[in-house]
Amino acid sequence: MAWQPRRLTAEQLEERRLEAARLLRSGGYTQAEVARQLGVSPSTVCEWARSLKEKGLKALKTRPRPGRPSKLTDQQWQEVKRLLEAGAKAAGFATERWTLKRVAQLIHRRFAVHYHPNYLAEPLHRLGLSVQRPKPKARERDDALVEAWLRRDWPRIERGLLAEGQPLPAWTRRVVRFGPA
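Every value quoted in this text rests on a predicted model; they were computed, and no experiment measured them.

Asker: Could you give an account of the overall build of the protein chain, with specific residues and numbers?
Answerer: Of the regular secondary structure elements, the protein chain holds 8 helices and 0 strands. Relative to the 2.2 N^0.38 estimate, which gives 16 Å for 181 residues, the radius of gyration of the protein chain is 29 Å and therefore markedly larger than a compact globule would have. Expressed as a percentage of its 181 residues, the buried residues of the protein chain come to 25%. Carbon and sulfur atoms form 52% of the exposed surface of the protein chain, whose accessible area is close to 14400 Å². With 37 positive and 19 negative side-chain charges, the protein chain shows a separation of 4 Å between the mean positions of the two kinds.

So, in structure tokens, the structure goes:
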């Protein structure tokens, strides 16, 4: 069986339905054969065949999507993408971390358009942007102190454990891996 992408565009879905109609109208294929050939279920082909018979080819064409149109044009969304890629500090925020709330604020400042943060994930995903979560790091962490402990204290503790014949705990693999070279 040929590779099937997980998601097809509206045009690709329409093309598949029209191909099914062509195969069904040719009379040389059963609904089950059409389903196998196009990688869909037999019940789907049955629905397409019924629509084709009752309403004709126009029933299998793509219909306009319902819903409110975007408040921003495609060109404005591309500008949002450029602003996001420039960084949060460049947009006037204290840190480089983008949140949906900050993106909503950016859009409001730049275009005077209000978006609720909960509804921004999908349009940002369509722009090719994805959620990035920073690795948690304690605010109190002192990297210099950790490095000194790894250089000075950890080797002494490790030697003591090995001298006593005790196996090293599993967490030590992380300490050794992230310790100084």
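Moving on from the model shown.
Asker: Could you give an account of the nonpolar core, naming the residues involved and the relevant values?
Answerer: Membership of the largest hydrophobic core comes to 17 residues, with the highest contact counts inside it found for Leu-72, Trp-77, Val-80, Ile-107, Tyr-115, Leu-120 and Leu-124. Of all the secondary-structure elements, those providing two or more residues to this core are helix H4 (74–86) and helix H5 (100–111). Element by element, the count of residues in this core is highest for H5, at 5 residues. Beyond its immediate stretch of four places on either side in the chain, Leu-124 contacts Trp-77, Val-80, Leu-84, Leu-100, Val-103 and Leu-129. Grouped together as the second largest cluster of nonpolar side chains are 13 residues, Leu-24, Val-34, Ala-35 and Ala-49 included.

Asker: Give a detailed account of the packing of helix H1 (residues 10–26) against helix H3 (residues 42–55), specifying residues and quantitative values.
Answerer: In the contact formed by H1 and H3, the axes pass within 10 Å of each other and the chain directions differ by 75°. As far as their axial angle goes, H3 and H1 are roughly perpendicular. Of H3, the residues touching H1 (which contributes Arg-16, Arg-17, Ala-20, Ala-21, Leu-24 and Arg-25) are Val-45, Trp-48, Ala-49 and Leu-52. The residue makeup of the contact of H1 with H3, split by class, is 7 nonpolar, no polar and 3 charged.

Asker: Pulling in residues and values, what's your account of H1?
Answerer: Helix length check: H1 (17 residues) gives 24 Å between terminal C-alpha atoms against 24 Å at 1.5 Å per residue, within 8%. Taken together, the buried positions of H1 are occupied by Glu-14, Arg-17, Ala-20, Ala-21, Leu-23 and Leu-24. As for H1, its buried residues are in contact with helix H2 (31–38) and H3.

Asker: Got a sec to walk through the packing of aromatic side chains? Specific residues and values, please.
Answerer: For the structure on display, the rule yields 3 aromatic pairs. Here the aromatic rings of Phe-93 and Trp-98 are separated by 5.6 Å at their centres, their planes lie at 75°, and the arrangement is edge-to-face. Looking at Phe-93, the relative accessible area reads 11%, which means it is buried. Judged by its relative accessible area of 23%, Trp-98 falls in the partly exposed class. Here Lys-71 stacks its cationic end above the ring of Tyr-115, 5.3 Å away from the centre of that ring.

Asker: Describe a positive patch on the surface, with residues and values.
Answerer: Positive charge collects at one region of the surface, where Arg-50, Lys-55, Lys-58 and Arg-63 lie side by side. As for its placement among the helices and strands, Arg-63 is situated in the loop between H3 and H4. Given a relative accessible area of 61%, Arg-63 falls into the exposed group.

Asker: Can you lay out the packing of H2 against H3 for me, pointing to particular residues and giving the numbers?
Answerer: One can describe the packing of H2 onto H3 by two numbers: an axis separation of 8 Å at closest approach and a directional angle of 115°. At the point where H2 passes H3, the crossing takes the right-handed sense. Across the interface between the two elements, Gln-31, Val-34, Ala-35 and Leu-38 from H2 touch Pro-42, Val-45, Cys-46, Trp-48 and Ala-49 from H3.

Asker: Go over H3 with me, naming the residues and quoting the values.
Answerer: Along its 14 residues, H3 runs 20 Å from first to last C-alpha, staying within 8% of the 20 Å computed at 1.5 Å per residue. Among the residues trailing H3, Gly-56 stands out with phi positive, at a value near 90°.

Asker: Explain the confidence of the model for the protein chain to me, and be specific about the residues and the numbers.
Answerer: Confidence in the prediction for the protein chain averages 86 pLDDT; 91% of positions are at 70 or higher. Mean pLDDT values for the elements of the protein chain range from 55 in helix H8 (residues 172–178) up to 95 in H5.

Reading the values: rules and limits
Residues numbered from 1 in each chain as written. Predicted model: local features only at pLDDT ≥ 70, side-chain atom pairs only at ≥ 80, totals over all residues. Heavy atoms only, no water. Helix = DSSP H or I, 4+ residues; strand = E, 2+ residues; numbered from the N terminus. Rg over C-alpha atoms; globule rule 2.2 N^0.38 Å. Buried < 20%, exposed > 50% of the residue type's maximum accessible area, 1.4 Å probe, protein only. Areas by Shrake-Rupley, 256 points an atom, 1.4 Å probe, with all protein chains shown as cover. Lys, Arg positive; Asp, Glu negative; His and termini not counted. Charge placed at Lys NZ, Arg CZ, Asp CG, Glu CD. Core = buried A, V, L, I, M, F, W, Y, C linked by side-chain atoms within 4.5 Å. Contact = heavy atoms within 4.5 Å. Axes fitted to C-alpha atoms, helices over the stretch in contact; angles between N-to-C directions. Parallel < 35°, antiparallel > 145°, perpendicular 65-115°, else oblique. Nonpolar A, V, L, I, M, F, W, Y, C, P; charged D, E, K, R; others polar. Expected span 1.5 Å × (residues − 1). Phe/Tyr/Trp six-rings, centres within 6.5 Å; stacked < 30°, edge-to-face > 60°. Lys NZ or Arg CZ within 6 Å of the ring centre and 35° of its normal. Patch = residues over 30% accessible without salt bridge, like charges linked within 9 Å, V, L, I, M, F, W, Y side chains within 5 Å. Salt bridge = Lys/Arg side-chain N within 4 Å of Asp/Glu carboxyl O. Left-handed = near helix turned anticlockwise from the far one by under 90°. pLDDT = per-residue confidence, 0-100.

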